[in-house]
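Observations on the three-dimensional arrangement
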Amino acid sequence: MKLPVSTEWVLHCATTLAQLEPRATASAAQLADYFDLPAPYLAKQLKALAKAGVLTATPGPRGGYRLARPAADITLLQIVEAVDGAASPYECHEIRQQGRGALSPEDCRHTCVIAVKMAEAHQAWKRSLAGVTLADILGEIPPWAPARTRSLLSGS
């Protein structure tokens, strides 16, 4: 499975926001500068996270984004699905019924075993991401990272 590069961006941005002091915000421009990303495109991704209830946007010159809920209540799956959607990346087009090797409709009454296995893999991937919260991620970053993050973002 290959996800868009913006998926990496939003996962890192959400983790960065999780490192801020409560009620502190960071603007899209600050986050874009922090990671050297294109600000307009990142802003669209952050808006999608806000629309999905992962982030809260505060308007105004001193506004920005912050987590909408505690880090322990935000899963990686929620972040990924907010920007990439929930659809499976695999779509069966029933090619087993095409070409010289085409099977008869009677032989295809049951769902294609490949489609079944791909759906199972997708569900396993979703369960894995649903089982990891931003708090879990914070628990695995170096202890000095949040202070560094807050310092660098406040200097932006």
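The coordinates are above.
As a convention, each chain's residues are numbered from 1 in the sequence order in which they are written. Totals for whole chains, interfaces and linings use all residues, but because this is a predicted model, local features are given only for residues with pLDDT of at least 70 and pairs of side-chain atoms are given and counted only at 80 or more. Side-chain figures throughout are based on the complete set of non-hydrogen atoms in the structure, without hydrogens or water.

**Quick look at the pairing of strand β1 (residues 55-58)**
Where we set the bar: Two strands form a pair only when DSSP identifies at least two bridges running between them. Segments assigned H or I by DSSP are reported as helices when at least four residues long, segments assigned E as strands when at least two residues long, and all are numbered from the N terminus.
With 4 bridges joining them, β1 and strand β2 (residues 64-67) adopt antiparallel strand pairing. Bridged to Thr-56 within β2 is Arg-66. Count of turn residues in the β1/β2 antiparallel hairpin: 5 residues, of which Gly-60 carries a positive phi of about 105°.

**A word on helix α3 (residues 39-51)**
The line we're drawing: In this scheme, a helix's expected span is set at 1.5 Å multiplied by one less than its residue total. Residue contacts are counted whenever heavy atoms from the two residues lie within 4.5 Å of one another.
Taking 1.5 Å per residue as the helical rise, α3 with its 13 residues ought to reach 18 Å, and the 18 Å between its terminal C-alpha atoms agrees with that figure. Summarising the contacts, the buried residues of α3 are in contact with α1 (5-18), α2 (28-35), β1, β2 and α4 (76-84). Directly after α3, the chain includes Gly-53, whose backbone phi takes a positive value near 80°.

**A short note on the packing of aromatic side chains**
Here is the rule we go by: Between the rings of Phe, Tyr and Trp (Trp by its six-membered ring), a pair exists once the centres lie within 6.5 Å; its type follows the angle of the planes, with under 30 degrees stacked, over 60 edge-to-face, and the other angles tilted. For every residue, the accessible area (1.4 Å probe, protein chains only) is compared with the maximum for its type, and the residue is labelled buried under 20%, exposed over 50%, or partly exposed between those bounds.
Applying the stated criterion across every chain yields a total of 2 aromatic pairs. Between Trp-9 and Tyr-41, the ring centres sit 5.5 Å apart and the planes meet at 85°, which makes this aromatic pair edge-to-face. With a gap of 32 residues between them, Trp-9 in helix α1 and Tyr-41 in helix α3 connect regions that are remote in the sequence. Judged by its relative accessible area of 12%, Trp-9 is buried. With relative accessibility at 39%, the residue Tyr-41 sits in the partly exposed group. Relative to Phe-35, the ring of Tyr-34 lies with its centre 4.8 Å away and its plane at 85°, an arrangement referred to as edge-to-face. Looking at Tyr-34, the relative accessible area reads 22%, which means it is partly exposed.

**Considerations on the side chain of Thr-75**
With respect to the helices and strands, Thr-75 occurs in the loop between β2 and α4. According to the relative accessible area criterion, Thr-75 is buried, its value standing at 13%. Setting aside chain neighbours within four positions, we find Thr-75 in contact with Leu-129, Ala-130, Val-132 and Thr-133.

**Side note on the environment of Asp-33**
If you trace the backbone, Asp-33 turns up in helix α2. Taking relative accessible area as the criterion, Asp-33 reaches 57% and is therefore assigned exposed. Between the C-alpha atoms of Asp-33 and Leu-153, which are 120 residues apart in sequence, the distance is 9.1 Å.

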